Amino acid sequence: MRLFLQYKFLIILRAIWFAAQIAFFGIIASRMIDPKLPLADIYFEYYVAGVVIMMLYSTSVFIGYDIFEEAEHGVFEYLLSLPVSRRELVLGRSIGGGIRSFVFVGPLIVIALFVIGFTNPLNFLIAFLALFLFAFGVSGMSITIAVAIKSPDRFDILMGAFNAFIVRLSTAMYPQAILQKTSQAYAALAQFNPITFASDLFRWGTGIEQYLTMDPTMPLAAIIGLVIFFFTFTFIGVTIYEKRLEGGGWQ
Amino acid sequence: MKAILHVIEHDFRNFFRYKWWLIGLISMNLTDLFIMALVYNQMINPNLIENIRDYFRFFAPGVTIIGLFASAYMIGREINMEVRRQIHYYMLSLPITRLELAVGRLLAGGLRGMVYMSPLLLTTFLFLGFPSLPHFLVILGALFLLATGISGLSIAMAVSTTSLEKFVTARGLVYYVLFFCSSIFYPLSLIQDLGREGVMPQPIVVLAEFNPLSSGADLIRSFLLGTPPFTFNMIRNLIVFSTIFATTATFAYMKIIQRK
């Protein structure tokens, strides 16, 4: 959390991005939607929910940059010397990364709820808790990639390109049915994308899905997807952490 | 003139050191075009873009402008880094006048933007059709003006602060305001309609109308798609933008790198 607050300019930058996405792209794009589509009436709300998830994703990725910062300043060796198992270390960092993302995205979620509203508090609570798993999983993924690559430049490039694919091949900006209409391949990839699980869950929690054709397995399928995502990256993260760092530290 | 060419060569060598960064950037631009634009094709109101058939064709010139902006802006990051690490003292020690140095950096930034943008422009031509030779030359000239203006804007911002964080934050603000308040993603007529309805504040509409990114994207569209119609205002906006920021950047760079 303390490390995260040092990035105040980046936090300001992400807040500006959020405002620009909603105030400009969200409003204008919602007027571009074909009025014959059932989505047309609520595209703005749909998009705002997607922007929240995109924001949660990008702030959870920040933890990977901290790893490089620590490696540069020799903090890594100190962390490895602590009486904490590797598993606890990775798990702690994944959870810490996820929680601090929530601290940052929390006010934005409140703004989003003000715009979207929500009808069923229980659904929203379930969705909200499941989003923690998403944030922890993304942090775990970011740590895994950072430790596997060990190069801040390559990490930055890879995460940028990966971010472009993972966000666009998800339901953050458009529904699954439209992706299906565009390309079977895009739809298939989006179906197993954690951003899709998180976006759909958030919309289910806020009640937007009542206007859309949602998967009948919601929210169970999305929650299971996020649980698998979280455990996969925690497990891979621990394994890679141990293999890449034992007996030689960062170098 | 020879000195300016040396400065341009220096900056081009630096540019190609970032080849992986460029590959990453181009992959982001292409995902915007081949995923986002194709999906939006299925959702867009057909009446809105009836003249151009689909959103993909509308958006392709926009992606070209996004790529041009991002790559021409890179020079600012390098100059900011040089100022922070005091490498500019080395530049000042070279047998080159301050003016040549400043002009060389400015032109290098613009030309790098043009080089990066060329595969995106070619992709646009492949999907939208090739323009006639006079139109092609006008497009290249207009994009060079835009790239030089962007390079000037980034240099002016880079020398205004020695803090990378402040530079990155300011860059983000400029990016988002210029990208979203422009006709890159949506037709200018739609923003004007929203302004008339009172949904979009009037200053935003005016900004979108005079935004050089709108002029650049619409100029390509006017020649390749026939809509919006070409007007000399597009060229005027680009000349004004380019002149203001090229001049500001040249003098700011000359003045600030000599400061103790």
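Note that the structure is a prediction, hence the values are computed from the model and not measured. (Residues numbered from 1 in each chain as written. Chains lettered and ligands numbered in written order. Predicted model: local features only at pLDDT ≥ 70, side-chain atom pairs only at ≥ 80, totals over all residues.)

Q: What is the right way to read the overall build of chain B from this model?
A: Helix and strand counts for chain B come out as 11 helices and zero strands. What you see in chain B, going N to C, is helices and strands ordered as α-α-α-α-α-α-α-α-α-α-α. A compact globule built from 260 residues would reach a C-alpha radius of gyration of about 18 Å, and chain B, at 19 Å, matches this within 12%. Seen through its principal axes, chain B has C-alpha atoms that stretch 60 × 40 × 35 Å. Out of the 260 residues belonging to chain B, those deemed buried represent 47%. Contacts spanning at least 24 positions in sequence make up 83% of the contacts within chain B whose residues lie at least 6 apart. (Helix = DSSP H or I, 4+ residues; strand = E, 2+ residues; numbered from the N terminus. Rg over C-alpha atoms; globule rule 2.2 N^0.38 Å. Buried ≥ 20, exposed ≤ 12 C-beta atoms within 10 Å, placed from the backbone. Contact = placed C-beta atoms within 7 Å.)

Q: Would you take a moment to explain helix α2 (residues 19-41) of chain B for this structure?
A: It helps to recall that an α-helix has 3.6 residues per turn; residues three or four apart then point in one direction. Residues and elements named next belong to chain B. Along its 23 residues, α2 runs 32 Å from first to last C-alpha, staying within 8% of the 33 Å computed at 1.5 Å per residue. If you look at α2, its biggest bend is around 25°, right at Asp-32. Of all the residues in α2, the buried ones are Leu-22, Gly-24, Leu-25, Met-28, Asn-29, Thr-31, Leu-33, Ile-35, Met-36, Ala-37, Val-39 and Tyr-40. (Expected span 1.5 Å × (residues − 1). Bend = angle between axes of the 7 residues up to and from the residue.)

Q: For this particular structure, what's the right way to read the nonpolar core?
A: General note: in soluble globular proteins, nonpolar side chains tend to be found buried as a group. Grouped together as the largest cluster of nonpolar side chains are 153 residues, with contacts concentrated most on Val52(A) and Ile53(A). Beyond its immediate sequence surroundings of up to four residues, Ile53(A) is in contact with Ala172(A), Ile195(A), Ala198(A), Ser199(A) and Phe202(A). (Core = buried A, V, L, I, M, F, W, Y, C linked by C-beta atoms within 7 Å.)

Q: Would you take a moment to explain the packing of helix α3 (residues 55-84) of chain B against helix α10 (residues 212-224) of chain B for this structure?
A: Angle between the axes and distance between the axes: these two values describe a pair of packed helices. Residue and element names in this part refer to chain B. It is at 9 Å that the axes of α3 and α10 come closest, and there the two elements cross at 140°. Regarding the angle of α3 to α10, the classification is oblique. When the axes of α3 and α10 are compared, the crossing they make is right-handed. Contacts between α3 and α10 pair Pro-61, Gly-62, Thr-64, Ile-65 and Phe-69 from the former with Leu-213, Gly-216, Ala-217, Ile-220, Arg-221 and Leu-224 from the latter. Class assignment of the residues belonging to the contact of α3 with α10 gives a composition of seven nonpolar, three polar and one charged. (Axes fitted to C-alpha atoms, helices over the stretch in contact; angles between N-to-C directions. Parallel < 35°, antiparallel > 145°, perpendicular 65-115°, else oblique. Left-handed = near helix turned anticlockwise from the far one by under 90°. Nonpolar A, V, L, I, M, F, W, Y, C, P; charged D, E, K, R; others polar.)

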